[in-house]
Amino acid sequence: MLSPDRQAAPARQNPVRFTRAAGDYDVVRRAIAHIRGHWRDQPGIDTIAEDAGVTPDELHALFRRWCGLTPKAFLQALTLDHARGLLRDSASILDASYEVGLSGPGRLHDLFVTHEAMSPGEWKSGGEGLTLRFGFHPSPFGTALVIATGRGLAGLAFADAGEDKKAFADMRSRWPRAAFVEDEAATAPIARRIFDPRLWRADRPLRVVMIGTDFEVRVWESLLKIPMGRATTYSDIARSVGRPAAARAVGAAVGKNPVCFVVPCHRVIGKSGELTGYHWGLTRKRAMLGWEAGMAAA
């Protein structure tokens, strides 16, 4: 359960940037809700801003600061036609070979990640004997719950306002026998590494520890091969893991991904270009894809 007394978070790099990012997402979420309902009409910035509760100038500045795109370009990044475009050549992306220790040289402006899987015994035991440290931190996509072991990042989740306990309970249920220790001092540097693109460095890859079944880990490894600014389908992933008829099982494994965003399950969409489901909400999935469109275009 959550500790009654949270440890004070350490001094963070760019605290204004991260605090502002948390507030930015509230506005972005409202803007996306309007865009989602009216994207076929290509609404103007005045209309979107009014629904988001800010002025047009504030909305324009927010999107430029938040993801490097104008509101119009962000709207286009969320349309069905754009989603379909992300799928081009998705099969060849997953079939490509990748360098050992890195997800691949094609992940332009992306996180550099190296990963390992825990033993099947550690997974089957429900994490018994494992100590997981966790902390809540502001992020460009709302409050982020970061969970780590001494070996690296083991979990990343998101919580909407007032739902910290719900997000924690969801993650804790994945490893019910592990010991959870609230330690924001330990997880704050990891949060910075995840969400600040200036810290995405090939010579200092972010280590991720995957805790799941053999099949789930293979699916999650395939997710790491999807470059930023691209997308793929469940059937393409099924083929890449040698189970071409297992698209439904792949979908279940994608949904259980405990390290969202870093292991980019948000880049998996339906064959038609529909975004389909997302464990942390379709609005957040849209926000991630739009934010990444800005990063990839920088």
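Note that this is a predicted model, so its numbers are computed, not measured.

### So, the confidence of the model for the protein chain
Caution is warranted with low-pLDDT regions, since their predicted coordinates should not be read in detail. Residue-level pLDDT values for the protein chain average 82, and 81% of them are 70 or greater. Counted against residues more than four places away or in other chains, residues 1-19, with its pLDDT under 50, gives 38 contacts.

### Focus: the pattern of salt bridges
Scanning all chains against the criterion turns up 13 salt bridges. A salt bridge links Arg 267 to Glu 292, with the nearest nitrogen and oxygen atoms 2.8 Å apart. Note that Arg 267 is positioned in the loop between α12 (247-255) and α13 (282-297) and Glu 292 in helix α13, a separation of 25 residues in sequence. By relative accessible area, Arg 267 is classed as buried at 0%.

### Notes on the state of the cysteines
Under the defined criterion, the tally for this structure stands at zero disulfides. Here Cys 265 stays unpaired: no disulfide links it, and the sulfur of Cys 260, its closest cysteine neighbor, is 6.0 Å away.

### Looking at the nonpolar core
Judged by nonpolar contacts, the single largest core of 82 residues is most densely connected at Phe 141, Leu 156, Phe 261 and Val 262. A per-element tally of this core places helix α1 (residues 15-38) first, with six residues.

### Overview of the packing of aromatic side chains
Throughout the structure, instances matching the rule amount to 14 aromatic pairs. Here Phe 168 and Phe 180 contribute two aromatic rings whose centre-to-centre distance is 5.6 Å and whose plane-to-plane angle is 85°, an arrangement assigned as edge-to-face. Of the two residues, Phe 168 sits in helix α8 (residues 164-172) while Phe 180 sits in strand β5 (residues 179-182), which places them twelve residues apart along the sequence. For the pair formed by Phe 168 and Phe 180, the shared burial category is buried.

Quick notes on the rules
Residues numbered from 1 in each chain as written. Predicted model: local features only at pLDDT ≥ 70, side-chain atom pairs only at ≥ 80, totals over all residues. Heavy atoms only, no water. pLDDT = per-residue confidence, 0-100. Contact = heavy atoms within 4.5 Å. Salt bridge = Lys/Arg side-chain N within 4 Å of Asp/Glu carboxyl O. Helix = DSSP H or I, 4+ residues; strand = E, 2+ residues; numbered from the N terminus. Buried < 20%, exposed > 50% of the residue type's maximum accessible area, 1.4 Å probe, protein only. Disulfide = S-S within 2.5 Å. Core = buried A, V, L, I, M, F, W, Y, C linked by side-chain atoms within 4.5 Å. Phe/Tyr/Trp six-rings, centres within 6.5 Å; stacked < 30°, edge-to-face > 60°.

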